[in-house]
Amino acid sequence: MDARLEQYESKMTKTLDNLKEEYSTIRAGRANPHLLDKLRVDYYGTPSALQSVANVSVPEPRVIQIQPWESKLIKDIEKAIIASDLGLTPNNDGKVIRLVFPELTEDRRKDLVKDVKKKAENAKVAIRNIRRDGNDAIKKMNKNNEISEDEVKVLEDSIQKATDKFIVDVDKLTEEKSKEILTV
């Protein structure tokens, strides 16, 4: 990849990574500790990541177990879970918090697949916008006589190949996540 185009490929990579992160927060009926990655708990007045104040484990396929390092954090962790958009009710026995994932209905699975496809489409649009920005920059360099017409064609071809590769990656990710959600 041409050094002049590396910044655009880097942006496309970030877009793909962001999509992977968004997909990890979509629950597919199975317990996934990454659902709690964005959760912040008030720890002595400082919002802290849940993983930094508690041990998060998955003892069973449909249960996430959270064991705080300090027992007085249980109430704060419960408040954070209830305030989040996870739609789960924490069960606490005084020492650990358990999040039990209910079985997803077929309608809910279909809604989640629609959401996954919508996020994928947004990622594709972002990738195409990055391609457009790259092509605009190439044309501007040509206009300023910094590069020749032949170089313009080569660079535009390179950025198109990168775009195609990332679009295929988005489609693959989307297919895998949809399959995971629809699997009962």
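It should be emphasised that the depicted structure is a prediction, and the values quoted were computed from it without experimental measurement.

On to unusual backbone geometry. Excluding glycine, residues mostly carry a negative phi; peptide bonds, for their part, are mostly trans. If you check the backbone angles, Tyr44 has positive phi at about 50° while not being a glycine. Position of Tyr44 relative to the elements: it lies in the loop between strand 1 (40-43) and strand 2 (46-49). Judged by its relative accessible area of 57%, Tyr44 falls in the exposed class. Not every positive phi belongs to a glycine, and Asn145 is a case in point at roughly 60°.

Split into domains, the chain comes out as domain 1 (3-27 + 105-183) and domain 2 (33-100). Put simply, the middle of domain 1 and the middle of domain 2, counted by C-alpha atoms, are 33 Å apart. At the interface, five residues of domain 1 touch six residues of domain 2. Around 490 Å² of area is buried between domain 1 and domain 2 when both sides are counted, 58% of it from carbon and sulfur atoms. Summed over the shared surface of domain 1 and domain 2, the number is zero salt bridges. For the pair domain 1 and domain 2, the number of links is zero residue pairs in polar contact (both at pLDDT 80 or more). Considered class by class, the residues forming the side of domain 1 that touches domain 2 number one nonpolar, two polar and two charged.

Glancing now at the packing of helix 4 (residues 106-143) against helix 5 (residues 149-182). At a minimum axis separation of 10 Å, helix 4 and helix 5 run at an interaxial angle of 170°. Compared by their axis directions, helix 4 and helix 5 come out roughly antiparallel. Classifying every residue of the contact of helix 4 with helix 5 by side-chain character gives 16 nonpolar, seven polar and ten charged.

With that out of the way, let us pick up the UniProt feature "coiled-coil region" (unreviewed entry) in the chain. Within this numbering scheme, the UniProt entry marks residues 113-165 as carrying the feature "coiled-coil region" (unreviewed entry). Secondary structure within residues 113-165 divides into 91% helix and 0% strand; the distance between the first and last C-alpha atoms comes to 23 Å.

The next point concerns the sheet that holds strand 3 (residues 54-60). Spatially, the four strands line up as an open sheet ordered 3-4-6-5, and their pairing is antiparallel. The open sheet terminates on both sides in strands that have one partner only, identified here as strand 3 and strand 5 (90-92). Across the sheet, the mean angle separating the axes of adjacent strands is 25° when strand polarity is ignored. In this sheet, strand 6 (residues 97-100) lies alongside strand 4 (residues 63-68) in antiparallel orientation, the contact comprising four bridges. Its bridge partner lying in strand 6, Ile66 is registered against Ile97. Helix 3 (residues 74-83) rests against strand 3, strand 4, strand 5 and strand 6 of the sheet, and its axis sits at about 165° to strand 5.

Ranked by internal contacts, the top residues of the largest apolar core, which has 27 residues, are Tyr23, Ile138 and Val170. Looking at this core, the elements with two or more residues in it are helix 1 (6-24), helix 4 and helix 5. For Tyr23, the contacting residues outside a window of four places in its chain are Val116, Lys119, Ala120, Leu173, Thr174 and Lys177. Grouped together as the second largest cluster of nonpolar side chains are 21 residues, Val41, Leu50, Leu73 and Leu86 included.

Sheet topology note: the strand 1/strand 2 ladder contains four bridges and is antiparallel. By the bridge assignment for strand 2, Arg40 is matched with Ala49.

Tallying each qualifying case throughout the model produces ten salt bridges. Here Arg128 makes a salt bridge to Glu121, at a shortest N to O gap of 3.7 Å. Residue classification places Glu121 among the partly exposed positions, given a relative accessible area of 38%. Notably, a salt bridge pairs Asp133 with Arg132, separated by 3.4 Å at the nearest N-O pair. According to the relative accessible area criterion, Asp133 is partly exposed, its value standing at 35%.

The rules we used
- Residues numbered from 1 in each chain as written.
- Predicted model: local features only at pLDDT ≥ 70, side-chain atom pairs only at ≥ 80, totals over all residues.
- Heavy atoms only, no water.
- Helix = DSSP H or I, 4+ residues; strand = E, 2+ residues; numbered from the N terminus.
- Buried < 20%, exposed > 50% of the residue type's maximum accessible area, 1.4 Å probe, protein only.
- Domains from an automatic or database assignment.
- Contact = heavy atoms within 4.5 Å.
- Buried area = accessible area lost by both parts, 1.4 Å probe.
- Salt bridge = Lys/Arg side-chain N within 4 Å of Asp/Glu carboxyl O.
- Polar contact = N/O pair within 3.5 Å; in protein donor to acceptor, adjacent residues only side chain to side chain.
- Nonpolar A, V, L, I, M, F, W, Y, C, P; charged D, E, K, R; others polar.
- Axes fitted to C-alpha atoms, helices over the stretch in contact; angles between N-to-C directions.
- Parallel < 35°, antiparallel > 145°, perpendicular 65-115°, else oblique.
- UniProt positions renumbered as here; feature names shortened; annotations may be inferred.
- Pairing = 2+ DSSP bridges.
- Core = buried A, V, L, I, M, F, W, Y, C linked by side-chain atoms within 4.5 Å.

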